Amino acid sequence: MQQRMKTHQLTDKETDSLLLNCMTGTLATVNSDGTPYAVPVHYVFRDNAIYIHGLPVGQKISNLKANPNICFNIYEMRGLLMDKDGKPCDTNTAYASVVIQGKAQVVEDLNEKKAALSAVILKYTPHLAEKEIPLNMLKGTAVIKLSVCQMTGKYYA
């Protein structure tokens, strides 16, 4: 483990808070030729898992069905830390981040899909949270569950 990771770890509570409050993350999957594919996504963190939603077909779905290994990252830039002598190469960044390695699966259970989509609606459009999700939308929307195998949070301030 890098020295900064040892000395700048987020607590479990801070990591959870960051996961609950960040608005976007980056999902990295593996293409069929072994190259990485990273895409920004909206997500929710619930029950120690990440849930994302989207179209039921596409590159990320194809990648996940062929290889469920993922990496997921969120990042919050909190500001620049300027060098007191004005040296541009000694400028640093105040940030907090979480990196998750895990496994992905497409959620088939309609109750789990509905709960995940309801959490997405509550997070991003809370004024619509009381509206019912139409069955055709529930069935036609892909929900992907990212199960956490390893999670690290770090910061610099």
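Residues numbered from 1 in each chain as written. Predicted model: local features only at pLDDT ≥ 70, side-chain atom pairs only at ≥ 80, totals over all residues. Heavy atoms only, no water.

Q: Would you explain helix 3 (residues 59-66) in this entry?
A: Given 3.6 residues per helical turn, the α-helix brings residues three or four places apart onto the same face. Along helix 3, the residues classified as buried are K60, I61, N63 and L64. Along the axis of helix 3, the buried positions cluster into a sector of 165 degrees, meaning they face one direction only. Along helix 3, the residues that are exposed and aim more than 90 degrees away from the buried face are K65 and A66. Check the buried side of helix 3 and you find it contacts strand 1 (25-30), strand 2 (36-41), strand 4 (49-54), strand 5 (69-81), strand 6 (92-106) and strand 7 (142-156). (Buried < 20%, exposed > 50% of the residue type's maximum accessible area, 1.4 Å probe, protein only. Helix = DSSP H or I, 4+ residues; strand = E, 2+ residues; numbered from the N terminus. Arc of directions from axis to C-beta. Contact = heavy atoms within 4.5 Å.)

Q: What exactly am I supposed to notice about the sheet that holds strand 4 here?
A: Taking strand neighbours across the sheet as the criterion, the seven strands line up as 2-1-5-6-7-4-3 in an open arrangement whose pairing is antiparallel. Looking at which strands have only one partner, the edges of the open sheet turn out to be strand 2 and strand 3 (44-46). Strand-to-strand twist of the sheet, defined as the mean angle between neighbouring strand axes without regard to direction, takes the value 30 degrees. Looking at chain direction, strand 3 and strand 4 are connected through three bridges and run antiparallel. Across the sheet, F45 pairs through a bridge with I50, a residue of strand 4. Packing of helix 2 (residues 12-21) onto the sheet brings it into contact with strand 3, strand 4, strand 5, strand 6 and strand 7, and relative to strand 6 it is tilted by some 80 degrees. Against the sheet, helix 4 (residues 110-124) contacts strand 3, strand 4 and strand 7, and its axis sits at roughly 125 degrees relative to strand 3. (Pairing = 2+ DSSP bridges. Axes fitted to C-alpha atoms, helices over the stretch in contact; angles between N-to-C directions.)

Q: Sorry, what's going on with the nonpolar core here?
A: The nonpolar side chains of a soluble globular protein tend to be buried with one another. One finds L27, Y43, I50, F72, I74 and L146 to be the most contacted residues of the largest nonpolar core, which totals 23 residues. When residues of this core are traced back to their parent elements, those giving at least two are helix 2, strand 2, strand 4, helix 3, strand 5, strand 6 and strand 7. Of the residues forming this core, the biggest block, four residues, is contributed by strand 6. Excluding its chain neighbours within four sequence positions, the residues that come into contact with L146 are L27, A49, I50, I70, F72, K103 and A104. One finds V107, V120, L138 and V143 within the second-largest nonpolar core, a separate group that totals eleven residues. (Core = buried A, V, L, I, M, F, W, Y, C linked by side-chain atoms within 4.5 Å.)

These figures capture arrangement, not role.
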